[in-house]
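Report on the structure
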Amino acid sequence: MAKVLRTEGMGRCIGCFSCMLMCAGVNRKNHSTSRSAIAVQTRGGMSGKFVAVVCQACREPKCAQACPADALLLRKGGGVTVDEDKCISCRQCADACTAQVIRWDDDVNAPIICRHCGACTRFCPHNCLAMEDVED
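Residues numbered from 1 in each chain as written. Predicted model: local features only at pLDDT ≥ 70, side-chain atom pairs only at ≥ 80, totals over all residues. Heavy atoms only, no water.

Below, the discussion takes up the overall build of the protein. Counting secondary structure elements, the protein contains four helices and eight strands. For the protein, the α and β elements follow one another from N to C terminus as β-α-β-β-α-β-β-α-β-β-α-β. Whereas a compact globule of 136 residues would reach a radius of gyration of roughly 14 Å, the protein reaches 14 Å, a difference of no more than 12%. Its C-alpha atoms put the protein at 40 × 35 × 30 Å along the principal axes. In the protein, which comprises 136 residues, the proportion classed as buried is 43%. Relative to all contacts within the protein whose residues are 6 or more apart in sequence, the contacts with residues 24 or more apart total 55%. For the protein, the accessible surface area stands at approximately 7500 Å², while carbon and sulfur atoms represent 48% of it. Looking at charge distribution, the protein has the averaged site of its 17 positive side-chain charges lying 6 Å from that of its 14 negative ones. (Helix = DSSP H or I, 4+ residues; strand = E, 2+ residues; numbered from the N terminus. Rg over C-alpha atoms; globule rule 2.2 N^0.38 Å. Buried < 20%, exposed > 50% of the residue type's maximum accessible area, 1.4 Å probe, protein only. Contact = heavy atoms within 4.5 Å. Areas by Shrake-Rupley, 256 points an atom, 1.4 Å probe, with all protein chains shown as cover. Lys, Arg positive; Asp, Glu negative; His and termini not counted. Charge placed at Lys NZ, Arg CZ, Asp CG, Glu CD.)

Below, the structure written as structure tokens:
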């Protein structure tokens, strides 16, 4: 059974960015939050709550449909994986994403899209993030 990242526990988030740092470290071999597929942000400034901006695991992802190079491959359970060797850096995937969650890695000129690996969940000290089983 496939798994997807869920963010329902963000009411407990303290904004430590551990999830972002681990995502970038595990998936991009870089510990910069700008290389993370998940973005923790506030809604309402310093007194607002934190939210996680991340791939929604669409079943029919507009990002993949927009990619002229077929560099975004559908993953079981929803969402996509990126084949950076096929990517032509046109950014059409980012423009087409209905949730506007695709970040960009300027060093390799390729999209950063959550692959729902769960690395972020293992390092969240308050269990704000969880992996959920979904049908393939």
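Let's pick the thread back up.
Restricting attention to buried positions, one finds in helix H1 (residues 18-28) the residues Cys 19, Met 20, Met 22, Cys 23, Ala 24 and Gly 25. The elements touched by buried residues of H1 are strand S2 (39-43), strand S6 (103-105) and helix H4 (119-122). Once H1 finishes, Lys 29 follows within two positions and takes phi at roughly 55°, a positive value.

Moving on: the nonpolar core. Core analysis: the largest hydrophobic core is formed by 34 residues, its most contacted members being Leu 5, Met 10, Cys 19, Ile 38, Leu 72 and Leu 129. Put simply, the parts of the chain that give this core at least two residues each are H1, S2, strand S3 (49-53), helix H2 (62-66) and strand S7 (110-112). With three residues, the single largest contributor to this core is H1. Discounting chain neighbours no more than four positions away, the residues touching Leu 72 are Cys 63, Ala 64, Cys 67, Val 80, Thr 81, Val 82, Cys 93 and Ile 113. (Core = buried A, V, L, I, M, F, W, Y, C linked by side-chain atoms within 4.5 Å.)

Right, let's get into the side chain of Arg 35. Position of Arg 35 among the secondary structure elements: in the loop between H1 and S2. There is a polar contact of 3.1 Å between the side chain of Arg 35 and the side chain of Ser 34. Apart from the residues within four sequence positions on either side, Arg 35 is in contact with Ala 24, Arg 28, Asn 30, Asp 105, Asp 107 and Ile 112. (Polar contact = N/O pair within 3.5 Å; in protein donor to acceptor, adjacent residues only side chain to side chain.)

In this section: the pattern of salt bridges. Where charged atoms from two side chains of opposite charge come close, those side chains can pair. One pass over the structure, following the stated rule, counts seven salt bridges. The closest approach of N and O atoms between Arg 35 and Asp 107, which form a salt bridge, is 2.4 Å. You can see Arg 35 sitting in the loop between H1 and S2 and its partner Asp 107 sitting in the loop between S6 and S7, a full 72 residues away along the chain. Through salt bridges with shared partners, a single network forms among Arg 28, Arg 35, Glu 84, Asp 105 and Asp 107. (Salt bridge = Lys/Arg side-chain N within 4 Å of Asp/Glu carboxyl O.)

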